[in-house]
Amino acid sequence: MSLVQQSPNPQTPGPQTPGTQPPAPPQATAARVQDARADVAALEHATFRGRWLPWLFLAPTLIVLAVFSYYPAARTLRLSVFRSNIIVGNEQFVGLANFADLLGSPVYHQVMLQTAVFVVLVVLLGLLCALGLAWLASRPVAGAKFYRLMLIYPYALSPAIAGTLWLFLFNPEIGAVNTLLDAVFGIKPRWLDSPFLAFLLVVAASVWKGLGYNVVFYLAAIQNIPAEVTEAAEIDGATAWQGFWRVVFPLLSPMTFFLIFTNVVASLFDSFGLVNILTRGGPVYGQTGITTFLVYQLYEDGFRNFRTGAAAAQAVLLLLVVVCIVVLQFRYGNRRVHYGA
Amino acid sequence: MPRTFRRVRWGHVWTHAVLTLAVLVVASPLLFALVKSTQTGAQVQGPSLVPGLHFLQNARAAWVGAGLGHYMLNSAVVAVSVTTGKTLLSLLAALAFVYFRFPLKGLAFAAVLFTLMLPTELLIVALFDEVSGGLKWADSYAAIIVPFLASATGVLLFRQHFMNIPASLSDAARIDGAGPLTFLGRVLIPMSWNTIGALAVIQFVSAWDQYLWPLVIMQSDDKQVIQVGLSKLIDVEAQSSWGGVMAGAVLAIIPPVLVFTALQEQFSKGFALGQDK
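Residues numbered from 1 in each chain as written. Chains lettered and ligands numbered in written order. Predicted model: local features only at pLDDT ≥ 70, side-chain atom pairs only at ≥ 80, totals over all residues. Heavy atoms only, no water.

Observations concerning the overall build of chain A
Consideration 1: Along chain A, the regular secondary structure elements total 14 helices and four strands.
Consideration 2: Sequence-distant contacts in chain A: of pairs separated by 6 or more residues, those separated by 24 or more amount to 68%.
Consideration 3: By element, 67% of the accessible surface of chain A is carried by carbon and sulfur atoms, the whole surface being about 14,400 Å². (Helix = DSSP H or I, 4+ residues; strand = E, 2+ residues; numbered from the N terminus. Contact = heavy atoms within 4.5 Å. Areas by Shrake-Rupley, 256 points an atom, 1.4 Å probe, with all protein chains shown as cover.)

The following block contains the structure:
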């Protein structure tokens, strides 16, 4: 999970909502106050004069985005209604046939289903682990700083490197995991050949890879909780467990909400490198490989099978998913928000 | 008193136990890679987890034999160019959005924000067509640098940061006769190092981590980036020398970890805690 998302990386911690209003801050703490202040600030800050100067400053950004985001997006829409092959260069208008083929294809059904299961598992497990560990690492214990750094560092590893490390770690003959399992239980599971195990492995690797990002944000949110709130709970006789679930967890709900969205987007898109190195979409289960997720299928169709129209149609469907996610975030992101102070 | 004391102490013991276990589990893939990258070919094939003295030989095999040095250099060029370009372009755009009033400002801002919904993975088929066909950039550095020079995230974070800087500063600058670029260079940038550092980390790491796009657009090996190079190393070396692959992985991790460690403080302050400036 790169913080996202840097082409425009999907995991940006920023607001993902288009609009002229100042965006909701990544941490919704005091979001509305912030928005109001930002509105005023925007007026006060309009200091420099110049008719063309602002456009000159914006030009580099706008040109790059137009050429490498908007134009390809429009091209993708167009390609999705043609049956074409970008290598051969032929194309034939087919209307919505590409979409009909996809939505009627058992292979694509399975890919959608296993992507959904993968995303739900990765987001759920990832956020639970990150929350628990960030909470522990934010307690005033000796060496807390060291623990935090060690929990954050997977952020600096790429999905491809994560895939490489896990591939060796779970190598059936010489990997450390099977060496251990063999010594203790006398078993050597073939991790990448069994559909069930391979799926679990990709989930675990994704959770591990995303841990650093999630811990950073939860740590930040926990540190923003006013000490009086937790102290008051303690004085009222709450146990550590009650204090966490009844007081701290609700206060973290805006951050949890933000992280759910960034994690969904990250597990949809950033999983490619991991899957490509670790399992190459396999092993086969049912209609297709069990770790063939939506982006991997798009890559296979676009650059292996050269079914350009089908790949473009998949991109359009995925874009609809992203739009739904952003709309949901926009509509519900600022609700049920608990302001700290 | 004793009761409280005991409760706190046992709480800490559990905290340490769980955190230590978690840190070990989180670190184990990398620790395993580190150990294996120092072993001889025979040891790597065996169960031994004792560190050896062969890191330099393994690294040399990967660096020279499998061309890892070349891939690393390419990635360094790309990551530094993208990080520098994104930072400069985002600063300029945020300057326009915060310190100017102009027609269609809202529309321009919405246009920048909207691109957050268009990750490269979605556009890859059309982008490939455009970059390799129309622009004829296939196999050039331009193909993996130029499309990533603009950053909605960067514009957004700098804009938010600038808005929290008191307006009196820009008023004073204008009264003193300073132009917007002078103001940017003399006042805004010196006040923005935390945000710049935080963005540099995410931009460098994400540029260094590029995988899918270089995989499809770079055909010749001599321009390929480290992430794809590493996967080629697996194909070539996996049967013969996992030690070499692990040494390669360890080397590939070093630049982002260095950047991350150097800017860790800014990363937490300027970015994750961005609201509190």
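Back to the text.
Examining the layout of surface pockets
Rolled over the atoms, a probe sized like a water molecule indicates the empty space that remains.
Consideration 1: Estimates place the volume of the largest pocket at around 1,200 Å³.
Consideration 2: Looking at the largest pocket, it is lined by 34 residues, and the ones nearest its centre are W135, R139, E234, A240 and W241 of chain A.
Consideration 3: Listed by contribution, the elements that provide at least two residues to the lining of the largest pocket are α4 (106–137), α8 (195–223), α9 (227–235) and α10 (240–251) of chain A together with α1 (2–36) of chain B.
Consideration 4: Residue contributions to the lining of the largest pocket peak at eight residues, all from α1 of chain B.
Consideration 5: Looking at the lining of the largest pocket, its residues break down into 21 nonpolar, nine polar and four charged.
Consideration 6: Around the second largest pocket, the lining is made up of 20 residues, and of these W166, A204 and W208 of chain A together with V25 and V26 of chain B lie nearest the centre.
Consideration 7: Counting residues per element, the ones that place at least two in the lining of the second largest pocket are α4, α6 (159–169) and α8 of chain A together with α1 of chain B.
Consideration 8: Its residues assigned to classes, the lining of the second largest pocket comprises 19 nonpolar, one polar and no charged. (1 Å grid on protein atoms, 1.4 Å probe; cavity = no way out; pocket = protein on both sides within 12 Å on 5 of 7 lines; lining within 4 Å. Points joined across faces, edges and corners; volume = space filled by probe spheres on them. Nonpolar A, V, L, I, M, F, W, Y, C, P; charged D, E, K, R; others polar.)

Considering the pattern of salt bridges
Residue and element names in this part refer to chain A.
Consideration 1: For the coordinates displayed, the defined rule picks out eight salt bridges over all chains.
Consideration 2: Here D101 and R83 are joined by a salt bridge, their closest N and O atoms 3.1 Å apart. A residue pair is termed long-range when its members are at least 10 positions apart, and D101 in helix α3 (residues 97–103) and R83 in strand β1 (residues 82–85) qualify at 18 residues.
Consideration 3: On the basis of relative accessibility, which here comes to 41%, the residue D101 falls in the partly exposed class.
Consideration 4: With relative accessibility at 40%, the residue R83 sits in the partly exposed group.
Consideration 5: A salt bridge links R190 to E173, with the nearest nitrogen and oxygen atoms 3.6 Å apart. Taken together, the residues span a long stretch of sequence, with R190 in the loop between α7 (176–185) and α8 and E173 in the loop between α6 and α7 at a distance of 17 residues.
Consideration 6: Owing to a relative accessible area of 44%, R190 belongs among the partly exposed residues under this scheme.
Consideration 7: Sharing partners across several salt bridges, the network here consists of E173, K188, R190 and D193. (Salt bridge = Lys/Arg side-chain N within 4 Å of Asp/Glu carboxyl O. Buried < 20%, exposed > 50% of the residue type's maximum accessible area, 1.4 Å probe, protein only.)

Structural notes on the nonpolar core
Consideration 1: One finds L165 of chain A together with Y99, F162 and W213 of chain B to be the most contacted residues of the largest nonpolar core, which totals 193 residues.
Consideration 2: Among the elements that line this core, the one with the most residues is α8 of chain A, at 16 residues. (Core = buried A, V, L, I, M, F, W, Y, C linked by side-chain atoms within 4.5 Å.)

A look at the packing of helix α8 (residues 152–163) of chain B against helix α11 (residues 193–209) of chain B
Residue and element names in this part refer to chain B.
Consideration 1: Taken N-terminus to C-terminus, the directions of α8 and α11 make an angle of 165°; their axes are 11 Å apart at the nearest point. Between α8 and α11, the interaxial angle falls into the category roughly antiparallel. Judged by the sense of rotation from one axis to the other, the crossing of α8 with α11 is right-handed. Across from T153, G154, L157, F158 and H161 in α8, the residues of α11 making contact are T195, I196, L199, I202 and Q203.
Consideration 2: For the contact of α8 with α11, a count of residues per class yields five nonpolar, five polar and no charged. (Axes fitted to C-alpha atoms, helices over the stretch in contact; angles between N-to-C directions. Parallel < 35°, antiparallel > 145°, perpendicular 65-115°, else oblique. Left-handed = near helix turned anticlockwise from the far one by under 90°.)

Quick notes on the UniProt feature "domain: ABC transmembrane type-1" (unreviewed entry) in chain A
Consideration 1: Taking the UniProt record as the reference, the feature "domain: ABC transmembrane type-1" (unreviewed entry) is found at residues 112–329 of chain A.
Consideration 2: Helix makes up 75% of residues 112–329 of chain A and strand 2%, with an end-to-end C-alpha separation of 21 Å. (UniProt positions renumbered as here; feature names shortened; annotations may be inferred.)

Points about the interface of chain B and chain A
Consideration 1: Facing the 118 residues of chain B at the interface are 115 residues of chain A.
Consideration 2: For chain B, the biggest contributors to the area lost against chain A are M117, L122 and V125 of chain B; these three give 7% of the whole.
Consideration 3: Remark: the boundary between chain B and chain A carries one salt bridge.
Consideration 4: D129 of chain B is the salt-bridge partner of R75 of chain A, the closest N and O atoms lying 2.3 Å from each other.
Consideration 5: In terms of residue count, α1 of chain B provides more of the side of chain B that touches chain A than any other element does, 17 residues in total.
Consideration 6: Classifying every residue of the side of chain B that touches chain A gives 85 nonpolar, 20 polar and 13 charged. (Buried area = accessible area lost by both parts, 1.4 Å probe.)

Observations concerning a nonpolar patch on the surface
Residue and element names in this part refer to chain A.
Consideration 1: A surface patch of nonpolar side chains, amounting to about 440 Å² of accessible area, comprises L180, V184, F185 and I187.
Consideration 2: Along the polypeptide, F185 turns up in helix α7.
Consideration 3: In this structure F185 comes out as exposed when scored by relative accessible area, which is 60%. (Patch = residues over 30% accessible without salt bridge, like charges linked within 9 Å, V, L, I, M, F, W, Y side chains within 5 Å.)

Here we look at the confidence of the model for chain A
Should the pLDDT be low somewhere, the predicted coordinates at that spot are not to be read in detail.
Consideration 1: Model confidence for chain A is summarised by a mean pLDDT of 83, while 83% of its residues fall at 70 or above.
Consideration 2: Within the model, the stretch residues 335–341 of chain A combines pLDDT values under 50 with 15 contacts to residues more than four positions away or in other chains. (pLDDT = per-residue confidence, 0-100.)

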